[in-house]
Amino acid sequence: MNHAELEEQIRRRWPGRVNMYRDTSKTLVIEPNLSLLRDLCGWLFTGASLPFGGTVVEESADEWELRHIFYGVEGGGWVQVMARQPLAVKTFPSISTKVHAASWQEREIEDLFGLTFEGHPLLGDFVLHNDIWQEGVEPMRHQFNAKTPISERQPDPDWRPRRIVQAPGAFIMPIGPIFSGIAESVNLQLETVGEDVICAFPRLFYEYRGIEKIAEGRAAADALLLAERFAATTAFAHALAFCQAAETICGIKVPARASVLRVFLAELERFRHHVGAISAICESTALAVAASQMAILEEDLLRLSGVLAGHRYLFGLTTPGGMCKDLDSAVCQKTYRKCREILAQMERLEEMLRFSSSFLDRLEEVGFISRDETLNHSLVGPIARASGVVRDLRKIQPYSGYECFDFETPGESEGDGYARLRVIFEEARQSVRLMKQAAAVLEPGPVRATIQFKAGAALGWTEAPRGAAFHWLRLSEDGRVVRYRIIPPSFINWHGFHLSVENFAFQDLPIILATMNLSVAENDR
Amino acid sequence: MNPDIFLYIMAMCGIGGILALLLPQRHSPKVIAWVGSLTALFLIGGGGRALFTTSAIEKTLWTIPAVGRIVIRVDPLSGLFLVVTGVVFLAVSIFSGSILLRLLNHYNLKVYALMYLSLFAAIVWILISADVFSFLVAWEIMSILCYFLVAYEDENDENPRAAYLMLAMSEAGALAAALGMLLFAAHAGSLEFTALKHAGATGQISAAMRWMIFLLTFFGFGVKAGLVPVNLWLPRAYTAAPAAFAPLLAGATLNLGLYGILRFNGDLLPVLSSGPGLLALIIGTISALLGILYATTENDLKTMLAHSSIENAGIITVGFGAGFVFTASNKPVLAGIAFLVALYHMTNHSLYKTLLLIGSGVVDDRAGTRHLNQLGGLIRQMPVTALLFLTGVLGIAALPPFNGFVSEWLTLQTLLRSAELLSTGQKIVFALCGAGLALTAALAVTCFAKAFAMGFLGMSRSPKAEQATEPKFSALASMAILSVLCLLLGILPTYVIGGLNHAISPVSSTNEAAAALVPPFFNGSPGHEKLPAAFLSDFHDLGAQVGQHIAPGPGLVILHRGGTKNPVVFAASPTYMFIVLAALLAVLFIVVNLVFGWRRTVTRRPCWDGGIRRLLPEMTYTATGFSNPVRVIFQSVFRPTIVEDTRETVGEHFRTAIRRQDEERHILDRLLLTPGRKTAMAVARFFAGMHQGHLNAYVAYVLGALLAGLLMNYLL
Amino acid sequence: MSQWVRKGIQTGIKTTAYPAREETAAGVSPGRPVGGDYSEQTTEALIACCPTQALSQIDHRLVVDYRRCVHCFRCRDGLAASIAWQQGYEWAGAAGDEPPSLGDEFSRCSIHILVVDAGDCGACLNEVKQLNNPYYNMHRLGFFITPTPRQADILLVVGPGTDQMRLALRKAYEAMPAPKRVVAVGTCALSGSVFGPSFVSAGGISQILPVDIEIPGQPPPPLAILHGLLAVVGRKAPVSLISPAPMAADKEGV
């Protein structure tokens with residue numbers, strides 16, 4: 001369904017009750033009556049089958065602005081459903097009973113802004129843990145001072161974990177926040193009667209650093225440091241999304257060489273990330289040799305990045321307007337050739353893994369997520385693509401010139417751990433293919449356009465290695481951040497994490513975690 | 001010795017009962033405690049003397065015209081049972097003195113005291129009666145008293161039902177056993193055991209009749225012993241029985257079933273073919289396996305112990321079965337060892353099971369529940385109880401240095417002696433049963449690790465468990481007696497074997513069994529046939545003669561010798577093991593203190609919880625969770641049916657509840673009882689269908705019957 | 001399975017010679033700026049461009065505080081007169097005046113490390129993870145990752161120390177047996193980097209726990225972390241956390 005058809009349908013369904021207009025870019029903004037909000041979003045989600053991207057709340061001088069963002073409109077377009085309330089009224093109707101994917105978005109907003117969502121059955125104790133924070137702290141409000149640490153704490157002394165399993169002998173297996181090995185901090189509360197996980201409840205945000213809050217008031221270039229550093233294993237993708245948002249606001253076109261370099265670096269990062277992910281999967285199945293071999297390749301790629309860009313995690317390369325520095329075309333070519341060698345080695349390992357039955361036994365039919373649930377949670381990235389939902393922002397909402405490149409988005413239908421592994425392998429292959437094309441079309445030229453900041457807001461997006469990342473940015477006239485909202489892929493996918501572990505045995509948990517490849521830092525922000 | 005002592009003991013019980021009736025109710029527990037324990041002490045003395053007398057002592061009480069002589073007779077076999085009964089009653093009587101008080105205003109304690117002491121007398125009578133008539137009369141008295149005692153706490157509706165089931169099944173068993181005895185008596189022409197034994201020995205009974213009598217008595221007495229498939233009553237009755245009575249069910253009345261089996265099939269009418277022995281082996285193994293499987297997954301402490309009694313009865317029966325087969329295969333020494341080991345295990349089971357059931361009664365009383373999912377952390381509130389319970393747990397889980405280890409290890413070793421049998425088929429059955437028992441032993445460790453860990457360790461899962469306190473001294477004393485015995489039987493097995501060698505004299509044709517297990521390292525003359533010089537010197541170097549001038553008896557090493565090919569079949573010395581272990585621990589303790597200083601500071605930190613704010617009791621393993629892997633692995637046995645598997649949601653996808661509940665029916669109920677009941681109902685329905693109420697139909701039946709009769713007459 | 005054994009053997013030895021010899025492969029470290037004498041004008045420009053106040057002027061010299069440097073490369077790539085850049089990776093420094101080493105008796109022991117993520121972005125953690133890979137293989141030097149603080153000698157913390165991890169961090173530290181050392185890895189863990197101090201992050205782990213070794217860098221390359229670990233067992237000397245390194249006399253004079 002394209003924009004025109006959508007408008008037509010909505011007019012027919014709710015005649016005269018919906019205000020609609022096209023934004024400058026490919027965005028359809030819909031402003032329904034508040035009473036219609038839930039039904040309209042529900043229809044967009046199920047009736048028009050638009051994936052749900054996320055929710056952005058902004059506090060302006062006198063009112064709340066709420067945006068539910070949908071994407072995937074035919075021909076590459078966005079839909080924003082807007083709702084407004086005076087500042088004094090702190091409630092919005094919840095859409096998550098119809099759009100389940102919005103559930104965590106609304107919970108987060110409730111926790112950070114103090115807004116209530118009428119009809120949402122599960123609010124509170126989300127980002128700010130109630131066993132540490134008292135209720136009523138609203139850190140994202142403008143009047144809240146982000147600089148001062150909060151010294152007075154009144155944690156809820158009677159805090160108890162949520163339990164929903166009612167079976168004789170059921171108990172909660174708490175894992176984390178500090179658990180074995182080199183792992184990020186997350187607390188998994190697994191309800192069980194032994195052996196199988198009946199219900200999984202990830203308690204996240206142990207690493208909440210308030211990126212969105214502390215970015216406010218900083219100059220765009222300094223906020224970029226935050227975008228780059230909040231989830232550094234995919235630093236370039238997030239930095240790119242931020243820069244693209246700023247560039248959209250200012251209406252700048254990035255020089256061609258910069259766009260191609262961005263594609264090259266983004267794919268280098270994806271390749272490195274996926275090799276690391278495969279290494280982690282091998283390690284989770286205790287296949288030590290394969291894990292080590294993959295880790296060798298990962299380190300090779302990290303060193304390659306260091307040689308090419310000066311930083312192993314590609315920090316400090318992109319900036320609003322283009323690139324901070326030019327990269328040598330010859331070095332890019334060399335990097336591509338080295339990547340091709342690494343890919344060849346990876347493919348040999350892939351072939352060997354495919355014939356290691358002990359490895360496959362632990363991946364196949366483990367951590368299954370159905371297509372329906374994937375759609376229902378609007379999951380993104382390799383996880384969604386392994387469950388038969390083949391969506392890739394590089395294809396459906398191309399940016400940075402991806403439309404000019406020839407590549408494929410792999411998809412599998414099984415939805416299990418092995419399907420996810422195959423998707424990751426194939427994506428790595430496609431990344432090298434993209435790097436080849438990018439290195440080939442590198443024309444000499446400027447890499448940075450001068451940027452003149454304007455007031456405004458825009459959405460930037462990238463297909464980060466873990467899936468679709470959305471960055472909403474509002475700048476003031478002097479180029480300072482007024483509102484910054486990140487909807488990272490891990491936040492979307494953690495929402496569906498419980499689907500993959502429930503009804504599987506405890507010993508499968510590390511493997512499922514590895515194949516899901518969720519980042520806590522990226523989620524917690 | 002004079003068998004009258006046992007009559008006096010029975011009389012003391014009677015006097016005690018009358019005393020309880022005369023005194024006010026609040027003194028009834030004291031009467032039980034004092035009279036019961038005193039009587040029990042006498043019984044231990046009397047039984048002990050009987051155990052060590054070489055020949056049986058018989059006394060005719062009186063002669064009843066139509067029945068014959070009423071005889072009491074005490075031989076070493078009944079002597080052993082009397083001693084075990086005495087020990088169990090001693091502990092339980094002391095325990096009753098305190099635990100019964102909590103029933104004071106609910107139930108009539110006078111009646112309880114009377115029934116308790118009468119039961120004591122009845123059990124003594126069963127063990128000393130030497131004619132079928134008085135045996136059956138005593139057995140019936142015992143059965144009925146058990147029924148009343150199990151149903152005693154009748155405020156809970158479930159208890160009388162459980163008691164009724166027990167009565168029904170034990171009556172059916174008693175009928176079968178009685179039928180078997182009467183068939184036997186018909187051949188012997190007398191009801192006296194001496195006459196029966198004579199008839200059994202002279203071989204005037206056909207093989208088919210022997211089979212018949214074996215099956216009737218084996219399964220008849222098997223009801224009381226708790227053998228598959230006639231044990232469905234047992235877990236329910238144990239659970240229903242009052243805390244002061246349940247230990248007796250396991251420690252005393254269960255033994256009576258075993259006594260019946262051994263008396264009739266080992267002593268009076270020894271099994272001549274290997275068939276019955278193999279049957280006993282198989283039944284024993286299945287009982288043991290099913291018993292421990294259900295015990296492992298059970299979460300009510302008392303019910304768990306009940307299922308474990310089935311397991312132990314199974315292990316003992318396996319010993320009996322091996323003894324029967326070895327007897328039939330003309331291996332008297334091995335048969336003797338098998339019976340000896342079985343009786344060793346029986347003694348052990350009585351001790352630790354009584355201990356654990358008293359412990360479960362204490363836990364129930366102090367923490368308000370027996371359900372393991374609601375207990376936890378009791379070791380902090382009840383350290384002494386926990387320690388005593390732990391000794392029982394180590395015993396029943398067959399871990400050294402406690403008694404269960406010795407007898408289970410010996411049972412397994414005995415089964416391995418099937419190598420000496422000639423028939424391959426028999427060897428296969430032995431091997432399979434051995435494997436079954438090994439699995440049982442492994443599961444028993446899981447089961448009792450769970451019982452102790454979930455009950456006493458970790459965090460308290462209910463407020464009452466958190467506020468539990470130590471019981472009265474008398475309860476601790478009763479447990480302490482049994483704990484010490486558990487340890488002694490575990491570390492001094494060579495002396496126990498010597499004693500048990502007397503007990504098996506009625507069922508064994510040789511008295512070499514003990515000598516075959518315990519070589520005379522201490523008192524044998526070197527170079528003797530039993531103790532060749534080379535052998536002695538080898539084992540002298542290993543330390544087998546350590547302590548020969550201090551310790552009495554033949555030695556401290558259990559060692560079974562084979563032929564020239566493998567001179568030592570199996571060997572162990574729990575005594576030395578214990579001493580070495582204790583010494584090592586002591587040395588370790590000293591070394592650690594020397595190295596790190598006697599006054600080093602020890603820092604205690606809370607349990608590492610992964611860094612969450614507070615580890616809550618609901619975040620720790622429950623008993624269900626602990627045993628769930630066993631339930632999953634043996635799914636085909638448990639075959640749970642899902643009663644409820646629902647999820648509640650709001651707004652379509654927000655889950656608010658996941659309810660799961662499944663139900664298990666015991667495998668015997670599923671495979672035997674229910675199909676049996678259905679068949680019976682179908683047959684009944686068929687016959688009910690014939691009763692149509694029409695006159696002409698009945699006339700037709702009469703006519704048909706007449707014709708059939710005429711036809712038969714003509715044909716015959 | 002034999003194919004994996006063969007593959008492993010075929011790969012040969014990849015492991016670095018460090019600490020016996022220098023590692024010279026390209027790309028193992030991003031390098032870092034060096035302080036010293038620059039022209040007044042350059043110094044001012046450099047100080048102005050630094051987003052985290054890592055550069056400052058003391059006694060007419062440009063001083064780099066590595067505890068604050070976030071590898072933004074602005075002082076190198078963004079200006080006409082750029083700062084001197086130094087490769088290398090031996091970056092770990094002692095946090096306090098006390099020698100950070102566990103003591104000589106630990107130099108030949110196997111050391112167990114508990115890794116705690118207190119709000120890390122994933123890069124430092126990934127670099128710690130690389131220590132397990134064949135290139136760096138910290139097991140050969142006797143370092144092992146342990147899942148429980150009960151067996152840990154070193155608490156290795158990454159991230160600025162978020163509020164919701166404070167309790168866990170403190171609990172982990174308290175659960176460790178003595179003697180114990182805390183190693184803070186990454187600029188975030190040293191100064192809070194771009195994140196802190198704020199309403200949800202501490203400005204470095206030292207505000208929560210007593211830190212013994214600080215390893216600067218965003219992220220510090222694996223060899224720098226290895227250097228820090230070796231400093232804990234006394235097999236390498238810690239270096240100064242600021243450049244140019246202050247004279248010993250200056251230190252005493254304060």
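Residues numbered from 1 in each chain as written. Chains lettered and ligands numbered in written order. Predicted model: local features only at pLDDT ≥ 70, side-chain atom pairs only at ≥ 80, totals over all residues. Heavy atoms only, no water.

### Quick notes on the pattern of salt bridges
Residue and element names in this part refer to chain A.
Logical step 1: Tallying each qualifying case throughout the model produces 66 salt bridges over all chains.
Logical step 2: Salt-bridge contacts for E212 lead to R485; the nearest nitrogen and oxygen are separated by 3.4 Å. Taken as a pair, E212 in helix α4 (residues 211-214) and R485 in strand β16 (residues 481-487) lie far apart in primary sequence, 273 residues in all. Residues E212 and R485 agree in their burial class; the two are buried.
Logical step 3: As a salt-bridge pair, D326 and R257 come within 2.9 Å of each other at their nearest N and O atoms. Taken together, the positions of D326 in the loop between β13 (322-323) and α9 (329-354) and R257 in helix α7 (residues 256-284) put the pair 69 residues apart, joining distant regions of the chain. (Salt bridge = Lys/Arg side-chain N within 4 Å of Asp/Glu carboxyl O. Helix = DSSP H or I, 4+ residues; strand = E, 2+ residues; numbered from the N terminus. Buried < 20%, exposed > 50% of the residue type's maximum accessible area, 1.4 Å probe, protein only.)

### Side note on the interface of chain C and chain B
Logical step 1: With ten residues of chain C at the contact, the number on the chain B side is nine residues.
Logical step 2: The contact between chain C and chain B buries some 700 Å² in all, and 56% of this surface belongs to carbon and sulfur atoms.
Logical step 3: Per-residue buried area on chain C facing chain B is highest for R150, L167 and K171 of chain C; these three make up 56% of the total on that side.
Logical step 4: Where chain C meets chain B, there are one salt bridge. (Contact = heavy atoms within 4.5 Å. Buried area = accessible area lost by both parts, 1.4 Å probe.)

### A short note on the side chain of H377 of chain A
Logical step 1: Structurally, the position occupied by H377 of chain A is in the loop between α11 (371-376) and α12 (381-386).
Logical step 2: When residues no more than four places from it in sequence are discounted, the contact partners of H377 of chain A are H100, A101, I492, H495, G496, H498 and L499 of chain A.

### Overview of the domain arrangement of chain B
Logical step 1: Segmenting chain B into domains produces domain 1 (1-206 + 227-266) and domain 2 (681-715).
Logical step 2: Computed from C-alpha coordinates alone, the two centres of domain 1 of chain B and domain 2 of chain B are separated by 47 Å. (Domains from an automatic or database assignment.)

### Observations regarding helix α4 (residues 109-128) of chain B
Residues and elements named next belong to chain B.
Logical step 1: With 20 residues, α4 ought to run about 28 Å at 1.5 Å a step, and its terminal C-alpha atoms sit 29 Å apart, in line with that.
Logical step 2: Counting buried residues in α4 gives 15 out of 20 residues, a clear majority hidden from the surface.
Logical step 3: In this structure N108 caps α4, since a side-chain oxygen of it lies 3.0 Å from the backbone nitrogen of K110. (Expected span 1.5 Å × (residues − 1). Polar contact = N/O pair within 3.5 Å; in protein donor to acceptor, adjacent residues only side chain to side chain.)

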